[in-house]
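In case you want the letters, here they are:
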Amino acid sequence: MLKLVALAICGSLLNSIPAKAAGEEPVDVELVIAVDVSWSMDYGELDIQRDGYVAAFRSAELQQAITDGMHGRVAVTYVEWAGDTSQQVVLPWTLIDGKEAAEAFAYRLSEARPDRMRRTSISSAIDFAAGLFDRNGFEGMRRVIDVSGDGPNNQGRPVTDARDAAVARGITINGLPLMTQGEDLRGGWGSIRDLDRYYTDCVIGGPGSFMIPVNDWAQFPQAVRRKLVLELAGLWPIRARQDRIVPAATEGAPANCLIGEAQWQERWQR
């Protein structure tokens, strides 16, 4: 019964997605993994991020989640981003249909060296990621952008505009806010204390959207694996909604979705 409900939900999601060209490969999910590589993180932290995704695709749990779907296969691309003109496709769209393909994807990812770039434009990352679904050779029952980052948008158009445009196209945006900077916040202007609330109010959106905050780098590998399993599991978004995952702020005033832009302007006025 649960699977029938999930199929009904997936059918309703498909109705909101523009028709694709005939002959495109059917998959359960088209997933863009969009990873922040801005200067607020050092190379050691970038390595932790990359290694976390590598370990996730090598895990039996994630491989099982992929094969348990209706089609038993997904399409994934891995992107790194920073400022409004800094987006790089590290791994292009790849069909993953089991252990061998997942291991190959993980190996290719482990061979690519992450690089740091300036500024933080979540909006440009979302716009760039949304464009990658066009003519990518796949027809997914769901289209998902998985965006991670350690600070608010401070360049490009407002993040809510990019979010709303992507959601209007039938794309779901999930978040992985990296709240790993402690009380010092690296000098104050580049991050905010309630980044989880910011992601909840300003970044994520679409059917079944959710986020998992990371409060310490030691949590990162498990958080990434759990998030990807939920996104790629055959019964999502039911599992995501039941589990709900998000211990995000639910009390107090909504987040200021332009706080990053205000921080940057204040920094330069000084």
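The structure we're discussing is the one just above.
K.L.:
Kindly report on the packing of helix H2 (residues 43-58) against helix H8 (residues 220-232), identifying the contributing residues and their values.
P.N.:
Contact pair H2 / H8: the axes reach a minimum separation of 8 Å and the direction vectors enclose 45°. Accordingly, the angle class assigned to the pair H2 and H8 is oblique. The handedness of the crossing between H2 and H8 comes out as right-handed. Taken together, the residues of H8 that come into contact with H2 (itself represented by Ile48, Gln49, Gly52, Tyr53, Ala56 and Phe57) are Phe220, Pro221, Val224, Arg225 and Leu228. Classifying every residue of the contact of H2 with H8 gives eight nonpolar, two polar and one charged.

K.L.:
Tell me about the packing of aromatic side chains, and please be specific about residues and values.
P.N.:
For the structure on display, the rule yields seven aromatic pairs. Judged by centre distance (5.5 Å) and plane angle (80°), the rings of Tyr53 and Tyr78 are edge-to-face. Separated by 25 residues along the polypeptide, Tyr53 in helix H2 and Tyr78 in strand S2 (residues 74-81) bring together distant segments of the chain. Like Tyr53, the residue Tyr78 is buried in the burial classification. Considering the side-chain rings of Trp217 and Phe220, the 5.6 Å spacing of their centres and the 50° angle between planes classify their relative orientation as tilted. Comparing Trp217 with Phe220 shows no difference in burial state: the two are buried. Cluster of aromatic residues (ring-pair linked, three or more members): Tyr53, Tyr78, Trp217 and Phe220. Directly above the ring of Phe133 sits Arg143, whose terminal nitrogen or CZ lies 5.6 Å from the centroid. Between the NZ or CZ atom of Lys227 and the centre of the ring of Phe210, over which it lies, the distance is 5.9 Å.

K.L.:
Can you break down the pattern of salt bridges residue by residue, with the values?
P.N.:
All told, the structure shown has 11 salt bridges when counted by the stated rule. Taking the shortest distance from any N to any O, the salt bridge between Lys99 and Glu103 comes out at 3.2 Å. Of the two residues, Lys99 and Glu103 are both situated in helix H4 (residues 99-111); the distance of four residues between them amounts to about one turn of the helix. Classification of Lys99 by relative accessible area gives exposed; the value is 53%. Judged by its relative accessible area of 26%, Glu103 falls in the partly exposed class. The partner of Arg197 in a salt bridge is Asp201, with the nearest N and O atoms 2.7 Å apart. Placement of both Arg197 and Asp201 in helix H7 (residues 195-203) is noted, with a separation of four residues, approximately one turn of the helix. One continuous salt-bridge network, built from bridges that share partners, spans Arg58, Lys99 and Glu103.

K.L.:
Quick one: what's the story with the nonpolar core, residue by residue and with numbers?
P.N.:
Membership of the largest hydrophobic core comes to 42 residues, with the highest contact counts inside it found for Ile33, Tyr53, Phe57, Tyr78, Ile96, Leu176 and Leu228. Those elements giving two or more residues to this core turn out to be strand S1 (25-36), H2, helix H3 (60-67), S2, strand S3 (87-96), H4 and H8. With seven residues, H8 is the single largest residue contributor to this core. Setting aside residues no more than four positions away along its own chain, Tyr53 makes contact with Ile33, Val35, Tyr78, Leu109, Asp146, Ser148, Leu176, Phe220, Val224 and Leu228. Judged by nonpolar contacts, the second largest core, of 30 residues, contains Val32, Phe138, Ile171 and Ile192.

K.L.:
Please give an account of the sheet that holds strand S4 (residues 138-149) that cites residues and values.
P.N.:
Strand order across the open sheet formed by five strands is S3-S2-S1-S4-S5, with mixed pairing between neighbours. Every other strand in the sheet has two partners, leaving S3 and strand S5 (171-177) as the edge strands with one partner each. The average angle at which neighbouring strand axes cross in this sheet is 15°, direction not considered. As judged from the seven bridges shared by S2 and S3, these two strands associate in the antiparallel manner. Bridge pairing in S3 links Val76 to Thr94. Along the sheet, H7 makes contact with S4 and S5, crossing S5 at roughly 170°.

K.L.:
Explain the state of the cysteines residue by residue, including any values.
P.N.:
Disulfides are covalent bonds that connect the sulfur atoms of two cysteines. Here the structure, examined in full by the defined rule, presents one disulfide. Residue pairing for Cys202: its cysteine sulfur links by disulfide to Cys257, the two sulfurs lying 2.0 Å apart. Measuring the twist about the S-S bond at about -85°, one finds the Cys202-Cys257 disulfide to be left-handed. Of the two residues, Cys202 is situated in helix H7 and Cys257 in the loop between helix H9 (238-243) and helix H10 (259-269); the sequence distance between them amounts to 55 residues. Owing to a relative accessible area of 0%, Cys202 belongs among the buried residues under this scheme.

Rules behind the numbers
Residues numbered from 1 in each chain as written. Predicted model: local features only at pLDDT ≥ 70, side-chain atom pairs only at ≥ 80, totals over all residues. Heavy atoms only, no water. Axes fitted to C-alpha atoms, helices over the stretch in contact; angles between N-to-C directions. Helix = DSSP H or I, 4+ residues; strand = E, 2+ residues; numbered from the N terminus. Parallel < 35°, antiparallel > 145°, perpendicular 65-115°, else oblique. Left-handed = near helix turned anticlockwise from the far one by under 90°. Contact = heavy atoms within 4.5 Å. Nonpolar A, V, L, I, M, F, W, Y, C, P; charged D, E, K, R; others polar. Phe/Tyr/Trp six-rings, centres within 6.5 Å; stacked < 30°, edge-to-face > 60°. Buried < 20%, exposed > 50% of the residue type's maximum accessible area, 1.4 Å probe, protein only. Lys NZ or Arg CZ within 6 Å of the ring centre and 35° of its normal. Salt bridge = Lys/Arg side-chain N within 4 Å of Asp/Glu carboxyl O. Core = buried A, V, L, I, M, F, W, Y, C linked by side-chain atoms within 4.5 Å. Pairing = 2+ DSSP bridges. Disulfide = S-S within 2.5 Å.

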